[in-house]
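The residues making up each chain are set out below.
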Amino acid sequence: MNGGRRVVITGCGVVSSLGNTPEELYSRLVAGESAVRIMTEWGTGQAAAPVDLPESEVRSIPRSKRRFMGRVAILSALAGRKAAESAGLSEEEVHSERTGCVVGSTIGSTTEMESSFRTLLVGAGIADMSPMAFFKCASHTTAFNMASLLDIAGAVYSPSAACASGLQAAGIGMAMISSGIQDVVLCGGADEVSPLVSGCFELMEAHASAEGQPPDRIARPFERGRNGLVCGEGAGILVLEEYEHARARGARILAEIYSYSSCRCPGSVSQSDSSSILRCMRDVYRQVDFTPAETDYISAHATSTRQGDKAEADALRSVFGESVPVSSLKGHLGHTLAASGTLEIIAVLEMMKHGMLIPTRNLEEVDPECGGLDHVREPRPCRIRRVLKNCFAFGGINSAMLFGDVNE
Amino acid sequence: MTREEIVEAVNTAFEEMEIPREELTPEKEFFKDLGLDSLDMVDLMISLQRKFGVQLRQNEEIKKVRTLNDIYDFFVKLDAQRNAGDGSAK
């Protein structure tokens, strides 16, 4: 549809606060679970949705590789390994120079940064610091560590665009395959929760107050009473593959990616605006041969902030009205930042398989400013063939992707 | 500290690098036998600094160690110097 080689999704791997397989993630989402809890260990009173990662799973990464990884890289590497297994790629295919990886995070491991600065500034100083700190805190820690674990020989890129990183990674991976640079690209995003990031969001008044709310009610996308986002953590990695390459090896094709677009929000680096979101969404439809009304589902960015949800709802209303179902998964998972784009696509792939739309959690009363849309408010059976995924990021970055059934 | 206490403290540092205790025999060389590399050695020195309360970065003697026994001997000698009131290794 974009004039280049066709790109399909042939595998996915997830590490999330609601399960470490796509199946478990789906079943817990459709059951309406929330992973949000008060982070008592932070001592800040803030809520987040952390991943419960078994030590045995962490230790499944050999120490020789793991020593370079902070938490965010471990999340990414584990999801990447699951994705490669899910795609049924042989070792030879994974190690081929025709296979690359594009994975991003908002920032390197914040846990390791805090620990390093404590040693440097408060503790014994540089003599007591580990050289591994560089590898754990580097901006491309998710990408090179995942590539190292899987022994990937192709191109390695690491887009860092906060909450759009994962979807940007998939967009870049798509372009690399479409243009013939690679045949297979493992793409996605990861982030770990930390008081540093949640604290900054609170200072910007983007983070929800946990006061007086049960933790599982704090994140409420599109809801009248919403007062901010809650950070989540996790990793979502997709295996993108050139269509004929996938067919030739008899791969199971989960979906085709039709188009991707990214553009800047010119007005502000901290507030999204509906006109640039609209521009981004129109551009993904410009590249395909179906209309917005022929979309079956919109996986919204909607993080539960006052301003961001309204801006997205305004843009969606002007394109879709009430013709296409919309929901956000941030009420269940919190906002998994760089992971959100691809992690939520993995949830949507499961929705497609099960023919079921997962509703927006905690959406009791739709904010009139977010109205005029077909909000999914309870699990809804649906034949899902075409999906729009939105992601918007601090820094004024919009991104959108269309994917769905393979066009035979 | 007795030699046994020193051996125990050093072996614990190696165990923290996930090397099983049964592999920690005195003749083992770090790079050849235990699979460590230069970056591991920096982390190991940091761990030993903390355990023994010394600074090792500028120490020329520690750079010569090759086997576990070399490290045991290094800290036995260091401990003896400390007990003798000679803080030159610090």
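As the structure is a computational prediction, the values presented were derived from the model and not from experiment.

## Details of a nonpolar patch on the surface
Residue and element names in this part refer to chain A. Together, Phe 117, Leu 120, Leu 121, Val 122 and Ile 126 make up an exposed nonpolar region whose accessible area comes to about 550 Å². Considering the arrangement of structural elements, one finds Leu 120 in helix 6 (residues 110-122). Judged by relative accessible area, Leu 120 falls into the partly exposed class, the value being 35%.

## Overview of the packing of helix 1 (residues 3-15) of chain B against helix 3 (residues 68-83) of chain B
Residue and element names in this part refer to chain B. Where helix 1 contacts helix 3, the axes come no closer than 9 Å and their chain directions differ by 130 degrees. Here helix 1 is positioned oblique relative to helix 3, judged by the angle of their axes. For helix 1 against helix 3, the interelement crossing comes out right-handed. On helix 3, the residues that touch Arg 3, Ile 6, Val 7, Val 10, Asn 11 and Phe 14 of helix 1 are Leu 68, Asn 69, Ile 71, Tyr 72, Asp 73, Phe 75, Val 76 and Asp 79. Here the contact of helix 1 with helix 3 is composed, by residue class, of nine nonpolar, two polar and three charged.

## Quick notes on the layout of surface pockets
Considering only enclosed or pocket space, the largest pocket measures out at about 720 Å³ in volume. For the largest pocket, the lining is made up of 27 residues, of which Arg 67, Ser 130, Met 132 and Lys 136 of chain A together with Asp 43 of chain B are closest to its centre. Mapped onto the lining of the largest pocket, the elements with two or more residues apiece are helix 3 (63-66), helix 4 (71-86), helix 6 and helix 7 (132-137) of chain A together with helix 2 (38-52) of chain B. Broken down by element, the lining of the largest pocket gets its largest block of residues, six residues, from helix 2 of chain B. Residues belonging to the lining of the largest pocket are distributed by class as follows: nine nonpolar, six polar and 12 charged. Ala 206, Ser 270, Thr 305, Gln 307 and Phe 394 of chain A are the residues nearest the centre of the second largest pocket, which is lined by 31 residues in total.

## A few points about the packing of helix 4 of chain A against helix 8 (residues 141-150) of chain A
Between two packed helices, the angle of one axis relative to the other and the distance separating the axes together describe the packing. Residues and elements named next belong to chain A. One way to put it is that helix 4 packs onto helix 8 with a least axis distance of 8 Å and a crossing angle of 45 degrees. When the axes of helix 4 and helix 8 are compared, the pair comes out oblique. Once helix 4 is placed against helix 8, the crossing between them reads as right-handed. Along its contact with helix 4, which presents Val 72, Ala 73, Ser 76, Ala 77, Gly 80, Arg 81 and Ala 84, the element helix 8 presents Thr 141, Thr 142, Asn 145, Met 146, Leu 149 and Leu 150. Across the contact of helix 4 with helix 8, the residue classes tally to seven nonpolar, five polar and one charged.

## As for the sheet that holds strand 8 (residues 234-242) of chain A
Residues and elements named next belong to chain A. Strand order in the open sheet made by the 11 strands is 5-4-6-8-1-9-16-15-10-11-13, with mixed pairing throughout. The open sheet has two free edges, formed respectively by strand 5 (156-157) and strand 13 (374-375), since each of these has just one partner strand. As judged from the two bridges shared by strand 10 (residues 297-299) and strand 11 (residues 325-327), these two strands associate in the parallel manner. Bridge pairing in strand 11 places Ile 298 opposite Val 326. Its contacts with the sheet put helix 15 (residues 340-354) on strand 1 (7-16), strand 6 (184-191), strand 8, strand 9 (255-264), strand 10, strand 15 (386-393) and strand 16 (397-404), and the angle it makes with strand 8 is roughly 70 degrees.

## Some details on the interface of chain B and chain A
Of the residues lining the interface, 13 residues belong to chain B; the matching set on chain A comes to 13 residues. Here chain B and chain A share an interface that buries about 1100 Å² over both sides, 44% of which is from carbon and sulfur atoms. At the junction of chain B with chain A, the criterion picks out six salt bridges. When the shortest N-O distance is used, the salt bridge between Arg 66 of chain A and Glu 18 of chain B registers 2.6 Å.

## Describing the domain arrangement of chain A
A common way to express how large an interface is: the accessible area buried when the components associate. All names here are of chain A. Domain boundaries in chain A define domain 1 (7-248) and domain 2 (260-404). Centre-to-centre, using C-alpha coordinates, domain 1 lies 20 Å away from domain 2. Opposite the 66 residues of domain 1 that make contact, domain 2 presents 61 residues. Between domain 1 and domain 2 the total buried area reaches about 4900 Å² when both faces are included, carbon and sulfur atoms providing 67% of it. Of all residues in domain 1, the largest losses of buried area upon contact with domain 2 belong to Leu 167, Phe 222 and Arg 226, amounting jointly to 20% of the total for that side. In this assembly, domain 1 and domain 2 are joined by 27 residue pairs in polar contact (both at pLDDT 80 or more). Broken down by secondary-structure element, the contributors of at least two residues to the side of domain 1 that touches domain 2 are strand 1, helix 1 (22-30), helix 9 (165-178), strand 6, helix 10 (195-203), strand 7 (231-232) and strand 8.

## So, the nonpolar core
Residues and elements named next belong to chain A. Grouped together as the largest cluster of nonpolar side chains are 67 residues, with contacts concentrated most on Leu 240, Leu 349 and Phe 403. Here this core spans two domains, since at least three of its residues come from each of domain 1 (7-248) and domain 2 (260-404). Not counting the four nearest positions on each side in its chain, Leu 349 is found in contact with Ile 9, Cys 12, Leu 238, Leu 254, Ala 255 and Phe 403.

## Concerning the pairing of strand 6 of chain A
Residue and element names in this part refer to chain A. Summarising burial for strand 6: eight of the eight residues are buried, a large majority. Neither face of strand 6 is open: one carries Val 184, Leu 186, Gly 188 and Ala 190, the other Val 185, Cys 187, Gly 189 and Asp 191, and all of them are buried. In the sheet, strand 4 (residues 99-104) pairs with strand 6 via six bridges, with the strands oriented parallel. Paired with Val 102 across the strands is Cys 187, a residue of strand 6.

## What about the pattern of salt bridges?
Following the criterion strictly, the structure yields 41 salt bridges over all chains and no others. With a closest N to O distance of 2.8 Å, Glu 57 of chain A and Lys 82 of chain A form a salt bridge. Pair noted here: Glu 57 of chain A is in helix 2 (residues 55-59) and Lys 82 of chain A is in helix 4, with a separation of 25 residues, a long-range link. On the basis of relative accessibility, which here comes to 18%, the residue Glu 57 of chain A falls in the buried class. The structure contains a network of salt bridges with shared partners spanning Glu 55, Arg 59 and Arg 66 of chain A together with Glu 18 of chain B.

The rules we used
Residues numbered from 1 in each chain as written. Chains lettered and ligands numbered in written order. Predicted model: local features only at pLDDT ≥ 70, side-chain atom pairs only at ≥ 80, totals over all residues. Heavy atoms only, no water. Patch = residues over 30% accessible without salt bridge, like charges linked within 9 Å, V, L, I, M, F, W, Y side chains within 5 Å. Areas by Shrake-Rupley, 256 points an atom, 1.4 Å probe, with all protein chains shown as cover. Salt bridge = Lys/Arg side-chain N within 4 Å of Asp/Glu carboxyl O. Helix = DSSP H or I, 4+ residues; strand = E, 2+ residues; numbered from the N terminus. Buried < 20%, exposed > 50% of the residue type's maximum accessible area, 1.4 Å probe, protein only. Axes fitted to C-alpha atoms, helices over the stretch in contact; angles between N-to-C directions. Parallel < 35°, antiparallel > 145°, perpendicular 65-115°, else oblique. Left-handed = near helix turned anticlockwise from the far one by under 90°. Contact = heavy atoms within 4.5 Å. Nonpolar A, V, L, I, M, F, W, Y, C, P; charged D, E, K, R; others polar. 1 Å grid on protein atoms, 1.4 Å probe; cavity = no way out; pocket = protein on both sides within 12 Å on 5 of 7 lines; lining within 4 Å. Points joined across faces, edges and corners; volume = space filled by probe spheres on them. Pairing = 2+ DSSP bridges. Buried area = accessible area lost by both parts, 1.4 Å probe. Domains from an automatic or database assignment. Polar contact = N/O pair within 3.5 Å; in protein donor to acceptor, adjacent residues only side chain to side chain. Core = buried A, V, L, I, M, F, W, Y, C linked by side-chain atoms within 4.5 Å.

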